[in-house]
Amino acid sequence: MFSVFQPARRILYAPFLLICLLTGSCAEERIRFPEPQPSGTKADARLRKPFPGTYFNAEDSVWLLISEDNIRMSNHLVWESGKSEEGGFEGQFSVGKDSVKNIKIEVQSRGKGDSLDVDTHFEELVIDLNKGGVAKYYKGYYFLNTPIEGENAYRLRILQEEKHGVSMLSIQSDSVLHLLEKDGYLSKSEPENGEEEIWTLKPSRRQLRDLMKKGLFAGRIYFERQEPGGK
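Residues numbered from 1 in each chain as written. Predicted model: local features only at pLDDT ≥ 70, side-chain atom pairs only at ≥ 80, totals over all residues. Heavy atoms only, no water.

Visitor: I tried to follow the overall build of the protein on my own but got confused; where do I start?
Guide: When helices and strands are tallied, the protein shows three helices and 15 strands. Taken over 231 residues, the protein has a buried fraction of 45%. For the protein, contacts bridging at least 24 residues in sequence account for 60% of all contacts bridging at least 6. Carbon together with sulfur atoms contributes 49% to the accessible area of the protein, which is approximately 12900 Å² in total. (Helix = DSSP H or I, 4+ residues; strand = E, 2+ residues; numbered from the N terminus. Buried < 20%, exposed > 50% of the residue type's maximum accessible area, 1.4 Å probe, protein only. Contact = heavy atoms within 4.5 Å. Areas by Shrake-Rupley, 256 points an atom, 1.4 Å probe, with all protein chains shown as cover.)

Visitor: Explain the side chain of Glu28 here, please?
Guide: Mapped onto the elements of the fold, Glu28 is located in the loop between helix H1 (16-23) and strand E2 (31-32). In this structure Glu28 comes out as buried when scored by relative accessible area, which is 4%. Each residue touching Glu28, except ones within four places of it in the same chain, is listed here: Arg155, Leu156, Arg157, Ser170 and Ile171.

Visitor: Help me out: how do you make sense of the nonpolar core in this one?
Guide: As a rule of thumb, nonpolar side chains are buried together in soluble globular proteins. With 21 residues, the main nonpolar core has Ile31, Leu177, Leu201, Leu211, Leu216 and Phe217 as its most contacted residues. Secondary-structure elements contributing two or more residues to this core are strand E11 (154-161), helix H2 (175-179), strand E14 (199-201) and helix H3 (205-213). If one sorts the elements of this core by residue count, H3 sits on top with three residues. Counting residues in each nonpolar core, the second largest holds 20 residues, with Ile71, Val126, Ile221 and Phe223 among its members. (Core = buried A, V, L, I, M, F, W, Y, C linked by side-chain atoms within 4.5 Å.)

Visitor: For this particular structure, what's the right way to read the pairing of strand E3 (residues 53-57)?
Guide: Consecutive residues of a regular strand have side chains that alternate between opposite faces of the sheet. Most of E3 is tucked away, with four of its five residues classed as buried. The hairpin turn running from E3 into strand E4 (residues 62-66), its antiparallel successor, is four residues long, and Ser61 in that turn takes a positive phi close to 55°. (Pairing = 2+ DSSP bridges.)

Visitor: Looking at this structure, I do not really get unusual backbone geometry. What am I missing?
Guide: If a residue is not glycine, its phi is most likely negative; likewise, a peptide bond is most likely trans. Following Gln37, the chain continues into Pro38 via a peptide bond in cis, with omega recorded as -10°. Mapped onto the fold, Pro38 is located in the loop between E2 and E3. Here Lys49 and Pro50 are connected by a cis peptide whose omega angle stands at 10°. Position of Pro50 among the secondary structure elements: in the loop between E2 and E3. The phi angle at Ser61 is positive, at roughly 55°, despite the residue not being glycine. Structurally, Ser61 can be placed in the loop between E3 and E4.

Visitor: Quick question: what am I supposed to make of the sheet that holds strand E13 (residues 186-188) here?
Guide: Backbone hydrogen bonds hold the strands of a sheet together, and the pairing may be parallel or antiparallel. Across the sheet, three strands lie side by side as E2-E14-E13; this open sheet has mixed pairing. Since the sheet does not close on itself, it has two edges, and those belong to E2 and E13, each with one partner. As paired strands, E2 and E14 are joined by two bridges and run parallel to one another. Considered in E14, the bridge of Ile31 is made with Trp199.

Visitor: Looking at this structure, I do not really get the confidence of the model for the protein. What am I missing?
Guide: Low pLDDT means the predicted coordinates in that region are not meant to be read closely. Here the protein shows a mean pLDDT of 77. Residues at 70 or above account for 68%. Throughout residues 21-25 the model reports pLDDT below 50, and contacts reaching past four residues in sequence, or to other chains, amount to 10 contacts. In this model, residues 79-100 is a region of pLDDT below 50 whose contacts with residues beyond four sequence positions or in other chains number 46 contacts. (pLDDT = per-residue confidence, 0-100.)

Visitor: Would you take a moment to explain the side chain of Asp128 for this structure?
Guide: With respect to the helices, strands and loops of the structure, Asp128 is situated in strand E8 (residues 115-128). Of the side chains with opposite charge, Lys131 comes closest to the buried, unpaired Asp128, at an N-O distance of 4.4 Å. In contact with Asp128, not counting residues within four places along its chain, are Asp69, Asn70 and Gly133. (Lys, Arg positive; Asp, Glu negative; His and termini not counted. Salt bridge = Lys/Arg side-chain N within 4 Å of Asp/Glu carboxyl O.)

Structure, rendered in structure tokens:
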């Protein structure tokens, strides 16, 4: 749980992940894959061992919860709803076009003056194999394809097994794509009325590996595996 107590006039700190969810400014929101990646690789009906388990990122206090059929990220190990104090405010809203991101914000006024106690909970469904998600294991990486609501396309993240946990790789910048704009496997829509450009990628497995080497999936968050009954 993320909590701060400071004057309301100051800018409240939030982890990068939460800012990304709130603003919708992540580069991955502008990139589409029309078919699950890598192409020509068989999809798994269930997430294979040893990936299922509970993981924790201590730097941002974020949990990664992996079962056989879905993966969730949350800043709370168990989803809980708190109660506001008398005279406080409790609100909940969702963000994200694909309806898989949930953020709950509770704001309570305490003491005198303009101080606020802000508690923020968020939970993101990274992939759900029972709701159209496609997971493909290839050369040591798990490619997590999540369908984008209302489109025949997928968002792509990558899970990599580490010695004591896993790393989640995500698209952090589209600058690599500008260098490859003339290549035939990607296209860019021209933005209109202030909208952001959308990239559509249909790479071969070799081209996808090349995109990884060039840094398209530069966003990396490491999660350490937690033993049962541990932290």
